[in-house]
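# Analysis of the macromolecular model
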Amino acid sequence: MSNQRLASNTTIPRSVPTPPEQAIATESEPPTTNFDTALATTASRDGASASPPTPTSLNGENGAVSHQSTPSHKGLAPPTLNNLPHVSLGPAAHPSAHPSSLATALRALNDGPGGAAFRDFPTPSSNDSPYTKSISSTAPASPRIPPIRQNSGSQTPRVRPHATTLSIPGMTRSLISPDGKIADRDVAAKLVIIMVGLPARGKSYITKKLRRYLSWQQHNTRIFNVGNRRRVAAVASPTKHRKESSMDMPQQGTTILVNGAQPPDSPDQKKPSSSDQDESDPKPMDQSAKFFDPNNEQASKLREEIAIDTLNELLDYLISGGGSVGILDATNSTIERRQKLFDHIKAREPKLGILFIESVCKNPNLLEANMRLKLSGPDYKDKDPVKSLADFKERVKAYESAYVPLGDYEEDHEMQYIKMIDVGKKLTHFGLGGFLSSGIAHYLSSFNLSPRQIWITRHGQSVDNQLGKIGGNSELTDRGHFYSLSLYRFVTQKRKEWLVEQKDKIAQSSFPPQPGDQSPPYPDLSRELDEKNFCVWTSMLTRSIQTAQHFEADEDYDVKNWEMLNELNAGKFEGLTYEEIARNHQDEYAKRQMDKLHYVYPGVGGEGYLQVISRLRDMVREIERIKDHVLIIGHRSVCRVLMAYFMDLTRDDIADLDMPLGMLYAIEPKPYGIEFHAYKYNEAKGWFDEVPNYRPTKTVDRDA
């Protein structure tokens, strides 16, 4: 055993070894240390009558200090560097003492059975305290130096792909992705979706809804349609198709019918001008069913080349174009084609995720309805419907001769896939990896083609609306109560009219299709129309619940309150007017004006539009899943976000969409998109007037 004396200077002297027989104390006659003497002297000087403790030496195994008794510490001063005891530290210390040995000795004295002697002393306020110097820090005033970014792994630079964990704009952020989007560096988190399936199986319907949903979730997504490029290539020179884009642009991702008709400026109604046509182009290639015959070598070679060119365009978008998801819309009906696409992607960027999605139709009625929809497509538009349908069925037979569905081959080669049967009635998947693939599977499982209406409106006027205050939980005004009654009467009337219209549609459906037919009857249209429920969903806030009071009183409606439909939380600005915010919080007001979509209100519970989008994700899936009618009585931010999803608006339009009180919107999902109607509240009549040629516009109120 060796003892170590503590010194007051910064240089700790080499300790003098002590013979073991002198360091061992007997139980009957414990030795008196210098520490005992120092305490006794201090107590005598302060006039204390208590006797100092008589400690034994430190035990070498546990380092505890043993005392025969614990004295009263009244009047005792804390030990100084000059009166600390000469104590044993257990096993022999290194001849050259280290500061950690000093810390060990002090902790041992403080933690032992008699350590209360140290704990009860008042802590010195000066930085000259030995505890500050020895234990806390050797340089209390030194600035903190942040860590330097480095690679602690065995390989430099890092070659292992980064983690592909969940990325939700507005809900997650990182150093390389402060906005929560999938960073360009995280290539492994990006996804190539390859559609698989015979013609008229709903692939384009699925891709458009999928792109709309992912874009609404703020993931940059585009569709690359091989058929679009094929139509250009087959009617032009062999190299012209390389210059043409195969992308389905976001604004055309879904067809929006305004008041049941195409808008006047719809792209689908635009006719190519004579200046757009090249008279020197060669004779168009035949694109009848013979073009899709696997034995047609010339056509097969052209289709293969077009598919690779389209895929390269998709990869450029993901790798260097800021994209997160690219969807390749084509049949890809053979194993050879799918393997070639897979190998081509891995050769360009091995880290990219690849997901195959196959659409299968086993319901003959659904298949017939899908085939009839093809007659209004670009391949058969303005042609004889009977001959067109016969030719299309021959085309399908040509694909069927070589078609191999997803299954054992993909599983043997660890290729992740999702297989949909009858547009979501059955869903199977294999090997899904990554948050995007899992989220897509969940979304696809909610699909249904049941005819129904989705109504969206804001609550009636509230007291806070009247005062210009944001947030809060005020009640409706008299005008707001009158709005709730008018809303109930109007929706009830429209519900009856819709039922009559659907039954007439069934009675008038005919085959072969007549020129001008736009939508075939749904396979399940004749079933359960009379039994279709009507749901009314409100938020948990008083003004929304009161607007639904007349629906609540009618047993023919099912009313439910949802917290996720609550208005955007304004944090510490709840109950203020925009004028007060602009006057008293100029910095916050300016930040919101610059970027309303990404702005988050300060204070506890404060939200922004991205947070509202995130909490409405499950709501959108539920709306897609149910087959019943639904009326959503929400708030401005909630209605903006829901309308942005159904109308396929861009992210720049979400936070500025005009959404005044008194507007009512009706949406009917269709196989080709949605049918949309807008109604404006006529307070004088207590009714709603349809707005002709309604187009979503940006609000003129800068604060709204």
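Let me sum up the structure you'll find in this document. Being a predicted model, the structure only gives us computed values, none of them experimental.

### Regarding the overall build of the chain
Check the secondary structure of the chain and you find 23 helices and 15 strands. Here the chain holds 704 residues, and the buried ones make up 48% of them. Looking at the chain alone, contacts between residues at least 24 apart form 71% of all its contacts between residues at least 6 apart. With the model as given, the accessible surface of the chain reaches about 35,700 Å², and the carbon-plus-sulfur share is 50%.

### Points about the environment of Asp478
For Asp478, the position within the fold is in helix α15 (residues 478-508). Residue classification places Asp478 among the exposed residues on the basis of a relative accessible area of 69%. For the pair Asp478 and Ser462, spaced 16 residues apart in sequence, the C-alpha to C-alpha distance is 8.8 Å.

### Some words on the pattern of salt bridges
Per the counting criterion, the structure on display carries 20 salt bridges. Between Arg348 and Asp316 there is a salt bridge whose closest N-O contact spans 2.8 Å. With Arg348 in helix α9 (residues 335-348) and Asp316 in helix α8 (residues 297-320), this residue pair connects regions lying 32 residues apart in the sequence. Relative accessible area serves as the criterion here: at 38%, Asp316 is assigned to the partly exposed category. Close ionic contact of Arg495 with Asp556 constitutes a salt bridge, the shortest N to O distance being 3.2 Å. Of this pair, Arg495 sits in helix α15 while Asp556 sits in the loop between α17 (549-552) and β11 (558-561), and the two are 61 residues apart along the sequence.

### Some words on the layout of surface pockets
Reported here for the second largest pocket is a volume of approximately 580 Å³. For the second largest pocket, the lining is made up of 31 residues, of which Arg458, Lys469, Ile470, Tyr578 and Arg636 are closest to its centre. Put simply, the parts of the chain that give the lining of the second largest pocket at least two residues each are α14 (463-467), α18 (578-584) and α22 (636-646). Top element by residues in the lining of the second largest pocket is α22. It accounts for three residues. Considered class by class, the residues forming the lining of the second largest pocket number ten nonpolar, eight polar and 13 charged.

### Let's talk about the environment of Arg458
Structurally, the position occupied by Arg458 is in strand β9 (residues 454-458). Classification of Arg458 as buried rests on a relative accessible area of 6%. Apart from the residues lying within four places of it in its own chain, the contact partners of Arg458 are Asn465, Tyr483, Ile633, Gly634, His635, Arg636, Cys639, Met659, Pro660, Leu661 and Met663. Here the side chain of Arg458 touches Met659 through a polar contact of 2.9 Å, landing on its backbone oxygen.

### Describing unusual backbone geometry
Trans is the common state for peptide bonds, and a negative phi is the common state for residues other than glycine. For Gln218, which is not a glycine, the phi torsion comes out positive at approximately 75°. As for its placement among the helices and strands, Gln218 is situated in the loop between α6 (203-216) and β2 (221-225). Gln218 sits in the buried class, given a relative accessible area of 2%. Phi at Asp648 is positive, roughly 55°, even though this residue is not glycine. Position of Asp648 relative to the elements: it lies in the loop between α22 and α23 (651-654). Note on Asp648: relative accessible area 9%, which makes it buried.

What counts, and where the lines are drawn
Residues numbered from 1 in each chain as written. Predicted model: local features only at pLDDT ≥ 70, side-chain atom pairs only at ≥ 80, totals over all residues. Heavy atoms only, no water. Helix = DSSP H or I, 4+ residues; strand = E, 2+ residues; numbered from the N terminus. Buried < 20%, exposed > 50% of the residue type's maximum accessible area, 1.4 Å probe, protein only. Contact = heavy atoms within 4.5 Å. Areas by Shrake-Rupley, 256 points an atom, 1.4 Å probe, with all protein chains shown as cover. Salt bridge = Lys/Arg side-chain N within 4 Å of Asp/Glu carboxyl O. 1 Å grid on protein atoms, 1.4 Å probe; cavity = no way out; pocket = protein on both sides within 12 Å on 5 of 7 lines; lining within 4 Å. Points joined across faces, edges and corners; volume = space filled by probe spheres on them. Nonpolar A, V, L, I, M, F, W, Y, C, P; charged D, E, K, R; others polar. Polar contact = N/O pair within 3.5 Å; in protein donor to acceptor, adjacent residues only side chain to side chain.

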